[in-house]
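Chain and residue survey
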Amino acid sequence: YPLTWLGDELQSSIYDELDFCKEAQNAINTAEYFKKFKKLTALRIPNVIKADKRILIMEYLEGSRLDDLKYIDQHHISRSEISSCLSHIFNNMIFTPNIGLHCDPHGGNLAIKALPRKSDTGHNFEIILFDHGLYRYPDTTIRRNYAKFWLALLDKDKEGMQKYAKRFANISDREFPLFAAALTGRSIDFVMNYDISKRRSNEEISEMTSGLLEGTFLADIMGILSRIPRIVILILKTNDLTRYLDECLQNPLGPERTFLIMSQYCAKTVFDEEIEELDEEFVNNKKSRWSISWAWKYFKHWISYEKRIKQLVLYDTVIWYKNHVNGLLQLLTI
């Protein structure tokens, strides 16, 4: 397999990771930024006590692994809430301009800590994020094309999927089916023809495993990874983690809500680009930004954006209704 790209990435990141002053600043910046998202994320980052280039002293926090279902259930923590929080944390990092992306989010760098009672954020747990040594800042073009790729994927728009995979990851049309399967963790047939927000079946998992063992899929994937931009690899790594944890949590709502949360961040990214281009168009043509023409075009973009946002609201409303109706039916049968 072509692995020189991995050495190049290590060469560019190892010195950043070994400078604990940089790690401390990353942790401080991220903690400060996420203060206003406590209700969505339940995120906790250890406080920095002292930082030198070779010594970092931080607040001691402990918890259990995020895939420790026994711990989660013993403390009456909602698995679906954990899944939603993870989705908000990492999609916020990926799609928000000028916010650093934590690029080493493996299982050992995340923990869940049960709280004795619900906090003022509405959660009875905290998600602890450790090890802030490796951060990257995806540029605007990559973020926007990545967002458009996911929206096309969720809409089953194959032409759009190919177009934006080529733009953000340099993927050719021939490589695209395998790349889309690797990105989503689904079989090629499923990702190209079905709804990826549905839970994976045992048959699909078996099909994927057989393909990896018997075919040339792994060699092809490694070839693709050797050519795509390094920042994209780190984004895909983050995407893999959240998908893996969502599956390990056996989220009772399935992966659908996780995808709906991500689609909101994607939609906001695309909407911001559309409004930016709309403003530039009117400035370049020396037209008033507040004209009827500008307002009409803005309204059309806003309606498209709101349709995406309301999908999550509608989904949550349906779930709430089902839960309350089921609860009422159980009471009536007692």
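What counts and what doesn't
Residues numbered from 1 in each chain as written. Predicted model: local features only at pLDDT ≥ 70, side-chain atom pairs only at ≥ 80, totals over all residues. Heavy atoms only, no water. Helix = DSSP H or I, 4+ residues; strand = E, 2+ residues; numbered from the N terminus. Buried < 20%, exposed > 50% of the residue type's maximum accessible area, 1.4 Å probe, protein only. Contact = heavy atoms within 4.5 Å. Areas by Shrake-Rupley, 256 points an atom, 1.4 Å probe, with all protein chains shown as cover. Pairing = 2+ DSSP bridges. Phe/Tyr/Trp six-rings, centres within 6.5 Å; stacked < 30°, edge-to-face > 60°. Axes fitted to C-alpha atoms, helices over the stretch in contact; angles between N-to-C directions. Parallel < 35°, antiparallel > 145°, perpendicular 65-115°, else oblique. Left-handed = near helix turned anticlockwise from the far one by under 90°. Nonpolar A, V, L, I, M, F, W, Y, C, P; charged D, E, K, R; others polar. Expected span 1.5 Å × (residues − 1). Polar contact = N/O pair within 3.5 Å; in protein donor to acceptor, adjacent residues only side chain to side chain. Core = buried A, V, L, I, M, F, W, Y, C linked by side-chain atoms within 4.5 Å.

A few points about the overall build of the protein chain
- Check the secondary structure of the protein chain and you find 14 helices and seven strands.
- Burial analysis of the protein chain (334 residues in total) assigns 46% to the buried set.
- Here the analysis covers contacts within the protein chain between residues at least 6 apart in sequence; of these, 70% occur between residues at least 24 apart.
- If you sum the accessible surface of the protein chain, you get close to 18200 Å²; carbon and sulfur atoms cover 57% of it.

Overview of the pairing of strand β6 (residues 125-129)
- Most of β6 is tucked away, with five of its five residues classed as buried.
- Of the two faces of β6, the one holding F125, I127 and L129 and the one holding E126 and I128 are both buried throughout.
- Across two bridges, strand β1 (residues 43-44) lies against β6 in parallel orientation. Note on β6: the bridge partner recorded for R44 is I128.
- The pairing of strand β5 (residues 110-114) with β6 spans five bridges and is classified as antiparallel.

Here's the deal with the packing of aromatic side chains
- Taken as a whole and judged by the stated rule, the model has 17 aromatic pairs.
- When the ring of F271 is compared with that of Y298, the centres are 5.9 Å apart and the planes differ by 70°; the resulting orientation is edge-to-face. With F271 in helix α13 (residues 256-284) and Y298 in helix α14 (residues 292-333), this residue pair connects regions lying 27 residues apart in the sequence.
- The exposure class of F271 is buried, given its relative accessible area of 9%.
- Residue Y298 is classed as partly exposed on the basis of its relative accessible area of 28%.

Quick notes on the environment of I261
- Structurally, the position occupied by I261 is in helix α13.
- With relative accessibility at 0%, the residue I261 sits in the buried group.
- Through-space distance from the C-alpha of I261 to that of C85 is 9.7 Å; in sequence the pair is 176 residues apart.
- Sequence-distant contacts of I261, that is, excluding residues within four places in its chain, are made with S84, S87, H88 and L312.

Description of the packing of helix α5 (residues 79-95) against α13
- The interhelical angle for the contact between α5 and α13, taken along N-to-C directions, is 20°, at an axis separation of 9 Å. It follows that α5 is roughly parallel to α13 by the angle criterion. At the point where α5 passes α13, the crossing takes the right-handed sense. Taking contact as the criterion, the partners of S83, S84, S87, H88, N91, N92 and F95 in α5 are, on α13, R257, T258, I261, M262, Y265, C266 and T269.
- The residue inventory of the contact of α5 with α13, partitioned by class, reads five nonpolar, eight polar and one charged.

With respect to helix α6 (residues 140-154)
- Compared with the 21 Å implied by 1.5 Å per residue over 15 residues, the 21 Å span of α6 between its first and last C-alpha is a close match.
- What α6 keeps buried is the set I142, R143, R144, N145, Y146, A147, K148, F149, W150, L151, A152 and L153.
- Looking at where α6 begins, the residue whose side-chain oxygen comes 3.1 Å from the main-chain nitrogen of T141 is D139.

Some remarks on the sheet that holds β1
- Strand order across the open sheet formed by three strands is β1-β6-β5, with mixed pairing between neighbours. The open sheet has two edge strands, β1 and β5, and neither has a second partner.
- Along the sheet face, α5 touches β1, β5 and β6 and points at about 40° away from the line of β6.

Some remarks on the pairing of strand β2 (residues 48-51)
- The sheet contact formed by β2 and strand β3 (residues 56-58) spans three bridges and is antiparallel. Paired with V48 across the bridge in β3 is M58.
- Here β2 hands over to β3 after four residues, the two strands then running antiparallel side by side.

Observations concerning the nonpolar core
- Grouped together as the largest cluster of nonpolar side chains are 76 residues, with contacts concentrated most on I82, I127, Y146, F149, W150 and F179.
- Excluding residues that lie within four positions of it along the chain, F179 makes contacts with F149, A165, F168, A169, I171, I224 and L236.
- Ranked by size, the runner-up nonpolar core spans five residues in total, among them F271, I275, Y305 and I309.

Function cannot be inferred from these measures alone, as they are strictly geometric.
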